[in-house]
Amino acid sequence: MRIARFSIDGNVAFGAVEGSTALGAEGELVLDIIKGIPFADFELSGTKVPLSKVRLLPPVLPNKVVAIGRNYREHAAELGNEVPDVPITFFKPSTSVVGPGDPIAYPSFSQDLHHEAELAVVIGRMCREVPRERVKDVILGYTCANDVTARDVQQREKQWARAKGFDSSCPLGPWIETDLDPSDLTIQCTVNGEQRQLGRTSDMVRSIEDLIVHITEAMTLLPGDVILTGTPAGVGPLNVGDEVAVTIEGIGTLTNKVIKRG
């Protein structure tokens, strides 16, 4: 099931996305409004609205985004880094999250903004110290993410909080796919239609199971929390006016435009 969060007539709701996004598919995508929230038992209302009539929002509003650095060997190498012995974890605040179609505001304190296409894991239930065999039980689904990074600030400052946590630095969307095997998916990033990144999740140094076990050894994850699993090689600059799109096989495409910060 594809679960979207959206607004219509000033109201916010979740809905199940129906219809095909395949090239040449007929018919418009529609949303069957969900009774309740997707983190508990819910029903479909049968009330359907065309996707074109709503504004898609970030599919979740996470309490925290836990991100993983250098989880693809070629990406680590392109920035002159070694793959770490243990996963590098950092946070992106909830205020960094924006949805599909929302602008990425170029931070005034940077002159080198980069895209980083990533598979995002959405947590479905409160959990800590999750054993490997139970990892699938705590996952609601998967979505596309862009770990937008002020590269010059990241290289200059020892902590990555400003470089990766500024407002609008975490686009998520367009929806959550709950029925997906994430082990070998294509991840692609384009800027103004030109391909920049192309990788596969099978190239991750550490699997999603590894990451969730590692993270929950230290902290409790809450429903709606998001884990960013790292980016493949090919990261590069974004400029004001650029349109950046992250496409993940089996999920869809997340598109955002870079604007000057007002």
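For the structure itself, look to the data block above.
Draft legend 1. The arrangement of the pairing of strand E2 (residues 11-18) in detail. By the bridge criterion, seven bridges tie strand E1 (residues 2-8) to E2 in an arrangement that is antiparallel. Bridge pairing in E2 links Arg2 to Val17. Turn length for the E1-E2 hairpin, with the two strands adjacent in sequence and antiparallel, is two residues, and the turn residue Asp9 shows positive phi of about 55°.

Draft legend 2. Inspection of the sheet that holds strand E20 (residues 252-260) at higher detail. Strand order in this open sheet of five strands is E9-E20-E19-E15-E16, and the pairing throughout is mixed. Each end of this open sheet is capped by a strand with a single partner; those strands are strand E9 (104-106) and strand E16 (194-200). Pairwise comparison of adjacent strand axes, ignoring direction, gives a mean angle of 20° for this sheet. Here E9 pairs with E20 via three bridges, running parallel. Note that in E20 the partner of Ile104 across the bridge is Val258.

Draft legend 3. Fine view of the side chain of Ser169. Residue placement: Ser169 occurs in the loop between helix H3 (161-165) and strand E14 (170-177). In terms of polar contacts, Ser169 uses its side chain to reach the backbone carbonyl oxygen of Lys164, at 2.9 Å. Each residue touching Ser169, except ones within four places of it in the same chain, is listed here: Lys92, Ser96, Asn146, Asp147, Val148 and Lys164.

Draft legend 4. Summary view of the environment of Asn146. One can find Asn146 in strand E12 (residues 139-146). Through-space distance from the C-alpha of Asn146 to that of Leu221 is 21 Å; in sequence the pair is 75 residues apart. Once residues within four sequence positions are removed from consideration, Asn146 is found in contact with Ile104, His115, Glu116, Ala117, Ser169, Cys170, Pro171, Val244, Val246 and Leu254. There is a polar contact of 3.0 Å between the side chain of Asn146 and the backbone nitrogen of Glu116.

Cut-offs used in this document
Residues numbered from 1 in each chain as written. Predicted model: local features only at pLDDT ≥ 70, side-chain atom pairs only at ≥ 80, totals over all residues. Heavy atoms only, no water. Pairing = 2+ DSSP bridges. Helix = DSSP H or I, 4+ residues; strand = E, 2+ residues; numbered from the N terminus. Axes fitted to C-alpha atoms, helices over the stretch in contact; angles between N-to-C directions. Polar contact = N/O pair within 3.5 Å; in protein donor to acceptor, adjacent residues only side chain to side chain. Contact = heavy atoms within 4.5 Å.

Read these as layout, nothing more, since geometry by itself doesn't imply function.
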